Amino acid sequence: LHNMKINIDAIKNCDGYICLTPVEYDYFVKLGINKEKFIVAAPAVIDAGNKPVRDRFAAEQLNLRASKNILYFGQIVYNKNIRTLLYAFESIARHNNDAGLIIAGGGHSLYYQELSAAIENFDEHIKARILLRTNVGAAEKHLIFSAADIFVLPSFYESFGIAILEAWSYGLAVIASDIAPLK
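Residues numbered from 1 in each chain as written. Predicted model: local features only at pLDDT ≥ 70, side-chain atom pairs only at ≥ 80, totals over all residues. Heavy atoms only, no water.

**Considerations on a nonpolar patch on the surface**
A cluster of nonpolar side chains, namely I162, L165 and W168, defines an oily patch on the protein surface of about 280 Å² accessible area. The topology assignment puts W168 in helix α8 (residues 162-169). (Patch = residues over 30% accessible without salt bridge, like charges linked within 9 Å, V, L, I, M, F, W, Y side chains within 5 Å. Areas by Shrake-Rupley, 256 points an atom, 1.4 Å probe, with all protein chains shown as cover. Salt bridge = Lys/Arg side-chain N within 4 Å of Asp/Glu carboxyl O. Helix = DSSP H or I, 4+ residues; strand = E, 2+ residues; numbered from the N terminus.)

Pasting the structure below:
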């Protein structure tokens, strides 16, 4: 919430801002920010040339212990609701020894530290099936997406959800929050 306040203050004080969707535009205008500051421009298309490896090579490279991996990839921040995914995975993993969870993306926030602490409290056999990574480079990102079986985006708020397009480019099934920008 603190980071969102800083971002809103920055947007209020900037000369202009590019919104990724009309939903994002409407959100900022409803906050009382001058609509003349905004233009709406969709992001560039994701490279559709991704070739999923899915032969377990990627999972082996990442030292994953599970045969079925759930992936969250994006910013490691509160509004992405990763904590809910983490506890849902703990429940699944208690009954399914084949399930693994990959949480990866950008940043090293206080939220990352909270997630790490929560994982430390899990049983060893569950903790061993969770991969938590930040500041992922392009080659590792390709391995991570290739090792996944399903992509989950449990966000409270999204302006566009470009990670969903990336997941689809790897042929992954997607589960996402029921929020306007992701419909």
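Read on, since the account is not over.
**Here we look at the side chain of K80**
Relative to the helices and strands, K80 resides in the loop between β3 (68-75) and α4 (82-95). With relative accessibility at 13%, the residue K80 sits in the buried group. Discounting residues that sit within four places of it in the chain, K80 has contacts with Y72, Q75, P154, S155 and E158. (Buried < 20%, exposed > 50% of the residue type's maximum accessible area, 1.4 Å probe, protein only. Contact = heavy atoms within 4.5 Å.)

**Side note on the pattern of salt bridges**
Scanning all chains against the criterion turns up seven salt bridges. For the salt bridge of K127 with E124, the shortest nitrogen-to-oxygen distance reads 2.8 Å. On the criterion of helical spacing, the pair formed by K127 and E124 is a turn pair, its members being three residues apart in helix α6 (residues 124-127). For K127, a relative accessible area of 15% puts it in the buried group. Bridged by salt links that share partners, the residues E90, R94 and D123 form one connected network.

**Side note on the sheet that holds strand β5 (residues 130-134)**
Strand order in the open sheet formed by five strands is β5-β4-β3-β6-β7, with parallel pairing between adjacent strands. Because the sheet does not close on itself, it has two edges, and the strands there are β5 and β7 (173-176). Put simply, the sheet's adjacent strands are angled 20° from each other on average, direction ignored. Note that β3 and strand β4 (residues 99-106) share eight bridges and pair parallel. Residue K68 lies in a different strand from β4, and its bridge partner there is A99. (Pairing = 2+ DSSP bridges. Axes fitted to C-alpha atoms, helices over the stretch in contact; angles between N-to-C directions.)

**Focus: the packing of aromatic side chains**
Per the stated rule, a full pass over the model turns up 11 aromatic pairs. Arranged with centres 6.0 Å apart and planes meeting at 85°, the rings of Y25 and F38 form a pair that is edge-to-face. On the criterion of sequence distance, the pair formed by Y25 in helix α2 (residues 22-30) and F38 in strand β2 (residues 38-40) is long-range, its members being 13 residues apart. (Phe/Tyr/Trp six-rings, centres within 6.5 Å; stacked < 30°, edge-to-face > 60°.)

**Some remarks on the environment of G171**
Among the structural elements, G171 can be located in the loop between α8 and β7. Here the alpha-carbon distance between G171 and S146, two residues 25 residues apart in the chain, equals 9.1 Å.

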